[in-house]
Structures are given as C-alpha cells and as structure tokens.
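A look at the structure
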Amino acid sequence: ATGSRFPWHDGVDPAGAMPPCWSQEQFAGSVLSWTFIAGSGTAHPAVAHQGKYNANLNDFTSNDTRTRLVTPVLNLESLPIPVLTFWHTQSAWSEEQDQLAVYYKTTGDSLWHSLETYTSSIDTWTQETIILPGKSSGYQVAFEGNAKWGYGICIDDVTVAGTNISLWDGSVNSDWNTPGNWTDN
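Remember, predicted model here, so these are calculated numbers, not experimental data. (Residues numbered from 1 in each chain as written. Predicted model: local features only at pLDDT ≥ 70, side-chain atom pairs only at ≥ 80, totals over all residues. Heavy atoms only, no water.)

With that settled, the discussion passes to the nonpolar core. Counting residues in each nonpolar core, the largest one holds 30 residues, and the members touching the most others are Trp34, Leu84, Phe86, Val102, Phe143 and Val158. When contributions to this core are tallied by element, the ones reaching two or more residues are strand 4 (54–57), strand 6 (81–90), strand 7 (99–105), strand 8 (113–118), strand 9 (122–131), strand 10 (140–146) and strand 11 (153–163). Here this core gets four residues from one element, more than from any other, and that element is strand 11. (Core = buried A, V, L, I, M, F, W, Y, C linked by side-chain atoms within 4.5 Å. Buried < 20%, exposed > 50% of the residue type's maximum accessible area, 1.4 Å probe, protein only. Helix = DSSP H or I, 4+ residues; strand = E, 2+ residues; numbered from the N terminus.)

This is the structure we're talking about:
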C-alpha cells in the first residue's frame, strides 16, 4: 500500500518483527539483516527511543556489512515541502564505528540518491531532519547501515510530513527582504 496520509509516522515497533510494508535490501555477500529489538541489545542504547522496539543493525566484524532498511512507498505529491525526521544512535566501540547513509528514490525502478551520511559516534538518541527532494507518488527512503563492529545502528520514530518553510532562491535580487527571493512564502 502507498502511504498518502501525512504526517506519516512509523514507530518501528511491530512486536519485534519487520514493520508492515517495509523491506530490506542486502548487498552481495551480506547476510546481515535489520532486527527489531530494544535498543542495540547492549547498553548503547539499552532501550528504544519510544515504545518497546526499534530497528537495529549490528555485526561483530569490521568488514563492510551493508544492508538497507526501506520504507513503504509514499505519495509525497500533496506535500508543499516534504521533510523526513527520525531518531538514531550509532555508538562507537573502542575505535570501531558503524555508519548510516540515508537515500531516496522517486519510483520503484529508479536509482537510489544520497541524502545524508552519518560516520561519527552518536551516543544518545538524536533526532535527524532532512528535506526530501524530488517528491513523487512512488517515493521511498532507505536507511543503509554499514555495521563495522560498533555497538550497532539504531533507528526509531520515522516521520514524513510537509512544511511550508520558505527557501531562498535569490531570483529577484540579493535583498533578503524581497518576497520574490523566497519560495512558497
């Protein structure tokens, strides 16, 4: 099913199983899957951001072990400016650091495009916010974890909503007070 009611929110809390309409994409050679547990299974973090469970990708090797967790298809055409928010952690263990990359695609058969990459230690639940480009009726977001022997990558409380923020385009002149230099408002 295509999500078309906004704000769209998934607490990634379906009793320890893959949330409905989500999927995974494993890279060649990877057998690692996202699991749905409380925190990371350790004290880093020990609990989900909200609810009982969150998504977690964890591997106890330093190899590149990448797997994507993919949202259901979303119809973003009605949103003025679509915005993705989610909560995540990825605590380093010693010097070993897991990594998270966020991607999007506009149709089921299009290529994934990079939105953001997180490569440093994030020790507590932290909210991330990303403006989603290229809105379409077949939009999907992917959380690509690369588990590299850290404490694991945790994702929780994923939301897509619309906002009416104004963006500077400078199409009239260089004066910030000129309304025509701003989109939407």
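Time to look at the confidence of the model for the protein. On average, the protein scores 90 in pLDDT, and the residues at 70 or more come to 96%. Summarising per-element confidence for the protein, the mean pLDDT is lowest in strand 1 (residues 8–10) (92) and highest in strand 8 (98). (pLDDT = per-residue confidence, 0-100.)

Within strand 10, seven of the seven residues are buried, which leaves it mostly tucked inside the rest of the structure. Two strands pair when backbone bridges link them, and strand 5 (residues 66–70) and strand 10 are joined in this way by five bridges, in the antiparallel orientation. Counterpart to Leu69 in the pairing with strand 10 is Phe143. In this structure, strand 7 lies alongside strand 10, joined through seven bridges in antiparallel fashion. Looking across to strand 10, one finds that Ala101 is bridged to Glu144. (Pairing = 2+ DSSP bridges.)

In this section: the environment of Tyr118. Tracing the sequence through the fold places Tyr118 in strand 8. When the C-alpha positions of Tyr118 and Gly145 are compared, they lie 9.7 Å apart, and in sequence the two are 27 residues distant. Discounting chain neighbours no more than four positions away, the residues touching Tyr118 are Phe86, His88, Gln90, Asp98, Gln99, Leu100, Val102, Glu128 and Ile130. (Contact = heavy atoms within 4.5 Å.)

Taken together, five strands build an open sheet; the order of strands is 2-5-10-7-8 and the sheet is antiparallel. Pairing within the sheet leaves two strands with one partner each, and these edge strands are strand 2 (23–26) and strand 8. Sheet twist, expressed as the average angle between the axes of neighbouring strands with direction ignored, equals 25 degrees. With five bridges connecting them, strand 7 and strand 8 associate as antiparallel partners. Counterpart to Val102 in the pairing with strand 8 is Glu116. (Axes fitted to C-alpha atoms, helices over the stretch in contact; angles between N-to-C directions.)

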